[in-house]
Amino acid sequence: MVMRYRLLPALAAGRLGRAHYLYDGQARGAPVVFVPTQKVTERVHRVVTRLKAAVPAGAAWELERLEALCDDEAERRVVQLLVERGYLEEVKDDAGRGEGREPGLSPEAAAAARDGFAATDAKHFFNVARLFGLPAQGEDDAQVAFAGVPFASLPISAGAAEAPAYLRRLSQRWANWFEVFTRGVYTEVGMDGGLPRLLGRGVVLRDFGDVGAAARTVGDLFAAAQQAVDELVRRRLPAVFAGGDHAVTIPLVNAYVRHAPQLCVIQLDAHNDLFFLDGAAFNHAATASTLLLLADVRRLLAFGLRTDFDARTEALGHLAASPEYASRLHLHSLGATRRLLADPAALEKVLAAVGERPCYLTVDLDVLTPAAIHGRVSTPAGAGLEWWELFELVEALLARLPILACDVVEFNPHNGVAADNERPEILALLLLLIDGLARRGWPAAG
Ligand SMILES: [Mn+2]
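What counts and what doesn't
- Residues numbered from 1 in each chain as written.
- Predicted model: local features only at pLDDT ≥ 70, side-chain atom pairs only at ≥ 80, totals over all residues.
- Helix = DSSP H or I, 4+ residues; strand = E, 2+ residues; numbered from the N terminus.
- Domains from an automatic or database assignment.
- Contact = placed C-beta atoms within 7 Å.
- Nonpolar A, V, L, I, M, F, W, Y, C, P; charged D, E, K, R; others polar.
- Buried ≥ 20, exposed ≤ 12 C-beta atoms within 10 Å, placed from the backbone.
- Pairing = 2+ DSSP bridges.
- Axes fitted to C-alpha atoms, helices over the stretch in contact; angles between N-to-C directions.
- Expected span 1.5 Å × (residues − 1).
- Arc of directions from axis to C-beta.

With that settled, consider the environment of R173. Along the chain, R173 turns up in helix α5 (residues 163–174). Residues R173 and Q26, 147 residues apart in the sequence, show an inter-C-alpha distance of 9.2 Å.

Below, the structure written as structure tokens:
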């Protein structure tokens, strides 16, 4: 009997920067069992691409016929390797199966099927979630970094610690970075008479995993954040962090300030996060105040604020008594933020306070109207920005400011109600940030 082979149906070959990969080309809707992402040589990439182009999808060919598509001995060796590693799978002859057959397996066939799983190499892998299906090993020529910071400071925001894992899984359902790298994703954010822009195209993104994955204490998290930021700064890699609650911004900004003492913080938030409590605190309601006290942040611009009634005025008392700290704060209400969005010249005037200082942008998702995010934030406030206003604001900030790093915090998959068909706005926000930071590159002033 002549054996015939077919490529695993989901197998795709892709490129990311200088590197070549085999990966699962139908991440969306694929079962848990999938083709693992595997770094390969340019030659393997070339042979797989050629086989996919020549052999109709799902068709099985004899080995000699597949090898005849190769240019030389080295390429034919790749075909052998694909068989050995299970990427080219043997297709059994179907004669006599199907019609009139009772469902179920004979004891012999069941035993053979069990043995088959033990013997399988490439076919059956559990999918370890990474942002947009990025490879685990990452690239040396990466232009922008992503990392999760899965920590929360209070019971009310505990669910935010699960956001990085949730976002990675969600992202894999919507796009695969190998395809984003090749084709991009288009957006009309910022369009004012032109054509849509492509985001992510040609951008080499790397998922560094979670910061402080082994941290047991806040001190551990500070140390892990410093180590991660030192490494990113050494590589001159701008970064997008996903919290976690808003307290994770404290160790991150604290670490960046060591490298950029003039660092300016831009905060998009419903709450001012200025509760001094008893001095510095790892608390998501005291992010801004702790950044002033502990990290010695010299300038903080906040937008989208809308506390309409709060009796806890001690913090304001502290600020009033320390004009030096008060002068570092530039707070803008939701209404003021909307006016700035509508008037680029006025926004430019406000951002002039930043000058050429390197910036850290922190996006607390409760800056959004709660319904826009299906209530999935820890401490929803009243009506706020719509997604499109947030996109346009982020776009304006990315275009104007030398941003070293940013975070997206307070997404809480435990709260609110997930829509039946989850919309990808939060992924669009991440893409906007990733693309913006990658295109700007490392700010000279940083
Ligand atoms: Mn906040």
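This part is about the domain arrangement of the protein chain. With domains assigned, the protein chain is organised as domain 1 (4–126) and domain 2 (131–440). Residue-level contacts link twelve residues of domain 1 with twelve residues of domain 2. Listed by contribution, the elements that provide at least two residues to the side of domain 1 that touches domain 2 are β2 (11–16) and β3 (19–24). Considered class by class, the residues forming the side of domain 1 that touches domain 2 number five nonpolar, three polar and four charged.

Turning next to the pairing of strand β13 (residues 239–243). The element β13 is extensively covered by neighbouring structure, given that five of its five residues are classed as buried. As judged from the five bridges shared by strand β9 (residues 144–149) and β13, these two strands associate in the parallel manner. Across the sheet, residue G148 finds its bridge partner in β13, namely A242.

For helix α8 (residues 249–259), the buried fraction is high: nine of the eleven residues fall into the buried class. Taken together, the buried positions of α8 are occupied by T249, I250, P251, L252, V253, N254, A255, Y256 and V257.

Right, let's get into the environment of S106. Relative to the helices and strands, S106 resides in the loop between β7 (88–91) and α4 (107–119). Residue S106 is classed as exposed on the basis of its C-beta count, with 8 C-beta atoms lying within 10 Å.

With respect to topology, three strands assemble into an open sheet ordered β2-β3-β5, the strand pairing being antiparallel. A strand with exactly one partner marks an edge of an open sheet, and here the two such strands are β2 and β5 (38–40). When the angles between neighbouring strand axes are averaged without regard to direction, this sheet yields 35°. Sheet topology note: the β3/β5 ladder contains three bridges and is antiparallel. Following the sheet pairing, Y21 is matched in β5 by K39. Set on the sheet, helix α1 (residues 42–54) makes contact with β2, β3 and β5; between it and β2 the angle comes to about 135°.

Once that is clear, we can look at α1. Compared with the 18 Å implied by 1.5 Å per residue over 13 residues, the 18 Å span of α1 between its first and last C-alpha is a close match. For α1, the complete set of buried residues consists of V44, V47, V48 and L51. The arc that holds every buried residue of α1, seen down its axis, measures 95°, which confines them to one face. Opposite its buried face, α1 presents the exposed residues E42 and A53, each directed more than 90 degrees away. Lining the buried residues of α1 we find β1 (4–7), β2, β3, β5, α2 (63–67) and α3 (73–84).

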